[in-house]
Protein chains: 2
Amino acid sequence: MNIESGLSFREATIEDLPALVALFADDVVGGHNDTTDIAALPIYQSAFAAIQNSPNDLIFVGIMSGEIVATAQVTFVTSLVGRGSKRMIIEAVQTRADMRGKGIGGLLITHCLKIGQERGANSAQLTSNNQRQDAHRFYERLGFKKSHAGFKLNLQAGPAST
Amino acid sequence: MNIESGLSFREATIEDLPALVALFADDVVGGHNDTTDIAALPIYQSAFAAIQNSPNDLIFVGIMSGEIVATAQVTFVTSLVGRGSKRMIIEAVQTRADMRGKGIGGLLITHCLKIGQERGANSAQLTSNNQRQDAHRFYERLGFKKSHAGFKLNLQAGPAST
């Protein structure tokens, strides 16, 4: 099957939520503790509603043969820096495990960038776990520059005292 | 002067804009082309309004002796990943050149993290240019882990074709 002709993108709807959760639950690198356990569904429903209510956030899904095979979230951030630049942050990027290596992720990111340009974003940015060297090469092939380091701090443990 | 007793934080107002722009115009590493030229002020005013109108964005300023000596922007992003986690992204962090090395930045970031926790953020994240090794050590001292790589793509030049 020709991926490009069989793949389409649209914004996610609440009906997509179980399939989206399954994509994240299948990701072992991030260690984000996602689960398809039905008991957790209300938490995801609440998060989905928060994302839909945000004027600056979009979730995209990639569809093949009626199934969700990939997803990405985009957040637009206006900043004073760069003469009031508008950035798009791409995160929560995931391709279904059995559909990797087919070019789906590249087409998904390209779709996100196109929407970002239409909305006036000056730049796109994302962080990728240092363990995901394949993903790093993937983003560099798409034209991204690994110009920054990405720092994370778990706040549930409390911030460090200074 | 004891920094901690003389320093206070609050959200930025439109009256702070010229001082904020001056902070960014003074930054040579980022290469963001910021300027205190009065002709550019309307662009910054428009960006400031967009940030104020966003329910997920806050700009903080650090004040000493009535002057703005530091600033940071915080963006809250809810994601499906991590069981509907809420992250805070910190960016546009700047301390006035003549006020660096006094601990102001650390107190500012700690203030941002405290606000983030109050708003239910599970984690904080930021990217820092690879040229800013001093900043990298600064964030590590605050408890951040350099676990990710940060990728950027200029969209004004157009996304790379895949």
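Look up a bit, the structure's there.
Residues numbered from 1 in each chain as written. Chains lettered and ligands numbered in written order. Predicted model: local features only at pLDDT ≥ 70, side-chain atom pairs only at ≥ 80, totals over all residues. Heavy atoms only, no water.

Chemist: I would appreciate a short explanation of the environment of A:Arg96 in the present structure.
Modeler: All names here are of chain A. By secondary structure assignment, the location of Arg 96 is in the loop between strand E4 (86–95) and helix H5 (104–118). Along the backbone, Arg 96 and Thr 110 are 14 residues apart, and their C-alpha atoms lie at a distance of 18 Å. Excluding residues that lie within four positions of it along the chain, Arg 96 makes contacts with Leu 23, Glu 67, Ile 68 and Val 69. A distance of 2.7 Å separates a polar atom in the side chain of Arg 96 from a polar atom in the side chain of Glu 67. (Helix = DSSP H or I, 4+ residues; strand = E, 2+ residues; numbered from the N terminus. Contact = heavy atoms within 4.5 Å. Polar contact = N/O pair within 3.5 Å; in protein donor to acceptor, adjacent residues only side chain to side chain.)

Chemist: So what exactly am I meant to see when it comes to the sheet that holds strand E2 (residues 57–64) of chain A here?
Modeler: Paired through backbone hydrogen bonds, the strands of a sheet run either parallel or antiparallel to each other. Strand order in the open sheet formed by twelve strands is E1(A)-E2(A)-E3(A)-E4(A)-E5(A)-E6(B)-E6(A)-E5(B)-E4(B)-E3(B)-E2(B)-E1(B), and the pairing between neighbours is mixed. The two strands at the open ends of the sheet, each matched to only one other strand, are strand E1 (7–11) of chain A together with strand E1 (7–11) of chain B. Between one strand and the next, the sheet's axes are offset by a mean angle of 30°, whatever the strand orientation. In this sheet, strand E2 (residues 57–64) of chain B lies alongside E1(B) in antiparallel orientation, the contact comprising five bridges. (Pairing = 2+ DSSP bridges. Axes fitted to C-alpha atoms, helices over the stretch in contact; angles between N-to-C directions.)

Chemist: Can you help me understand empty space enclosed by the protein in this one?
Modeler: Empty pockets left among the atoms are what a rolling probe the size of a water molecule brings to light. Throughout the structure, instances matching the rule amount to one cavity of 30 Å³ or more. Roughly 40 Å³ of volume is contained in the largest cavity. Around the largest cavity sit A:Leu80, B:Leu20, B:Phe24, B:Ile59, B:Thr71, B:Gln73 and B:Ala92, which together line it. Looking at the lining of the largest cavity, the elements that each hand over two or more residues are helix H2 (17–25) and strand E3 (67–78) of chain B. Of the residues in the lining of the largest cavity, the class split is five nonpolar, two polar and no charged. (1 Å grid on protein atoms, 1.4 Å probe; cavity = no way out; pocket = protein on both sides within 12 Å on 5 of 7 lines; lining within 4 Å. Points joined across faces, edges and corners; volume = space filled by probe spheres on them. Nonpolar A, V, L, I, M, F, W, Y, C, P; charged D, E, K, R; others polar.)

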